[in-house]
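# Architecture and fold: a report
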Amino acid sequence: MADSLPTEFDVVIIGTGLPESILAAACSRSGQRVLHLDSRSYYGGNWASFSFSGLLSWLKEHQQNGDNAEESTASWQGLVHETEEAIALRKKDETIEHIEVFCYASQDMDDNIEEISALQKNPSSVTSKPLDSVCLSEETNSLHVTSSETPAKDTPKSDEEISLEVTDVEDILAEEKYCGDKTCINTASGGDKDENKPIEEDNTDQPKRNRITYSQIVKEGRRFNIDLVSKLLYSQGLLIDLLIKSNVSRYAEFKNVTRILAFREGKVEQVPCSRADVFNSKELTMVEKRILMKFLTFCLDYEQHPDQYQAFVHCSFSDYLKTKKLTPNLQHFVLHSIAMTESSCTTLDGLKATKNFLRCLGRFGNTPFLFPLYGQGEIPQCFCRMCAVFGGIYCLRHKVQCLIVDKESGRCKAIIDHLDQRINAKYFIVEDSYLSEETCSNVQYKQISRAVLITDQSILKKADSDQQISILIVPPMESGTCAVRVTELCSSTMTCMKDTYLVHLTCSSSKTAREDLESVVKKLFTPYTETEIDKEELTKPRLLWALYFNMRDSSGISRSSYNGLPSNVYVCSGPDCGLGNEHAVKQAETLFQEIFPNEDFCPPPPNPEDIIFDGDDKQPEALGTNNIIMAKPDSSEENKNPESPENHHQN
């Protein structure tokens, strides 16, 4: 166990989600003493990414969460003075609900036993990604966007975590022998683990596919980096600007989203975005191409032509599009694949969304979006690294039992952790999920419905599908339901194994995640059970594995909704349902300016050569060396440490 923490800080931050991590970096960069804590064993909270075995461990943890007994409060109550009062924090995470897992791929328990045994014998085979895989040129403030496949990264795990995950894999394999209302059918005909025999070889009209078993997925689990929340980065968005401005982008690498897709009349087709795409499209007539280009040109500077939309301000964007002589085909493309809005959104919101889409085109590629290699969970860790470089201290698996409030001033003055240590600070930033039921009794939360799928083919099959990242908006199936956002990731994003695709589905919740999303899943995919395979079904990708869950959406909640919150305690929300990360960045910047109104928000780091230390006449190398250590660890032991920020106390 690590030595006790220092007891005096300027800022204590509880939770390592994206807004908290941005705030930690900003505070540390401005010279504040930062302590960043998380009760979880991983960075990111609900913004995290997991390997497949790590996800199974996460599932087991949440499924067993309700069985954990409440811890006694007696140990820390004696540390609260008479002039103080305590605000207890929540002891378990209740932001994830209605978890349902379905395995459709065939299973071979012999293979499973072999691979688990191999992991147990050689746990050190699970190694971390070197931190120098990021590629931002030190001489320029520009992102490095890659379009070629790079070597796969193994998700960093400690030996303790590996041991836990192996046990979890054994448990989950036993649990997932059923598939809800469906029975998983073992299609393995022999003991060949690496069999790549095409289905129904004698039919030349049917596409040839590799046979992928569940045991292969588990065995290649380190190839997966599965996001809990599915988001993309707008190339002209706030997060990209912040990454470049602060030079945090040197810790990450990005890939272009290559295709914008549309789902219309039961078919998936590619949407032309750029001028070149429009005129090269075979889906549009020449007249449609001219009409579309004229409308998109208008949208780029619609504010300059109020006469063309003022009369429709109170109408829906869908009704407004009908007045612009757009064909039904073009209306569908603009509404669902360019503006990416609901049919009921207002005309102004639709025009604003369309302009935002168009202005992001061409900065890093033919679409407006970027995706971080190895998953969305890399982004919070990048900001944590910056915080650590400037002196922030990190502790995972470190629970905070309560906030201590001074009765006279009404301000929070300290926290008490699970070691009964009292830590003082001036400001406290807490992620919403840590606040108790009593504090949140008046808060009305929204929910996000999420599905994570592993499939064997792309939803739009092309010769280069294994290099494509696609986004698709599926319109509401019936009135009263929401559009579903589908993001498909290929293996070159380092988020799934070769010959598979990782598909994320997201929408605002009206029911459980499975009830909200299963109809879309059935339209796009067919379960991988060989007894059901026929010529028609083979036109769809096969579904190998599926996870459904509901996630709390705590965005948009005003401070006044929380009960008894001290003036120097600030709340960060979890992920919202939107496609981008704008809300998290805006929230972090707003809170930072509220706490430190005279400080610059995440300024560029100083050039190490320009830093002069008191009493040192020589050119300093300390900060530069520090940065090099962060980017290129020298020892393999550092590579195996999942808690990469430097100043880290382990408990």
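First, a word on scope: everything that follows refers to the structure included in this document. (Residues numbered from 1 in each chain as written. Predicted model: local features only at pLDDT ≥ 70, side-chain atom pairs only at ≥ 80, totals over all residues. Heavy atoms only, no water.)

## Looking at the layout of surface pockets
- The space that makes up the largest pocket amounts to roughly 1100 Å³.
- Those elements giving two or more residues to the lining of the largest pocket turn out to be helix H12 (347-359), strand E23 (501-508) and helix H15 (582-595).
- Among the elements that line the lining of the largest pocket, the one with the most residues is H12, at seven residues.
- Classifying every residue of the lining of the largest pocket gives 15 nonpolar, ten polar and ten charged. (1 Å grid on protein atoms, 1.4 Å probe; cavity = no way out; pocket = protein on both sides within 12 Å on 5 of 7 lines; lining within 4 Å. Points joined across faces, edges and corners; volume = space filled by probe spheres on them. Helix = DSSP H or I, 4+ residues; strand = E, 2+ residues; numbered from the N terminus. Nonpolar A, V, L, I, M, F, W, Y, C, P; charged D, E, K, R; others polar.)

## Quick look at the pairing of strand E12 (residues 259-264)
- Counting buried residues in E12 gives five out of six residues, a clear majority hidden from the surface.
- One ladder, built from four bridges, connects E12 with strand E21 (residues 470-474); its direction is parallel. Residue pairing across strands places Arg259 opposite Ser470, the latter belonging to E21.
- For E12 and strand E13 (residues 267-270), the ladder comprises four bridges, and the chain directions are antiparallel. Bridge assignment links Arg264 to a residue of E13, and that residue is Lys267. (Buried < 20%, exposed > 50% of the residue type's maximum accessible area, 1.4 Å probe, protein only. Pairing = 2+ DSSP bridges.)

## Describing H15
- With 14 residues, H15 should reach 20 Å at 1.5 Å per residue; the first-to-last C-alpha distance of 20 Å fits that figure.
- Regarding H15, the residues found buried are Ala584, Val585, Gln587, Ala588, Leu591, Phe592 and Ile595. All buried residues of H15 fall inside an arc of 165° around its axis, so they share one side. Exposed and oriented more than 90 degrees from the buried face of H15 are Lys586 and Thr590.
- Buried residues belonging to H15 abut helix H1 (18-29), helix H7 (238-246), strand E19 (427-431) and strand E26 (569-572). (Expected span 1.5 Å × (residues − 1). Arc of directions from axis to C-beta. Contact = heavy atoms within 4.5 Å.)

## Let's talk about unusual backbone geometry
- Here Glu265, not a glycine, exhibits a phi torsion of approximately 55°, which is positive.
- By secondary structure assignment, the location of Glu265 is in the loop between E12 and E13.
- In this structure, Asp499 is a non-glycine residue whose phi angle is positive, near 70°.
- Positionally, Asp499 belongs in the loop between strand E22 (484-489) and E23.
- Given a relative accessible area of 37%, Asp499 falls into the partly exposed group.

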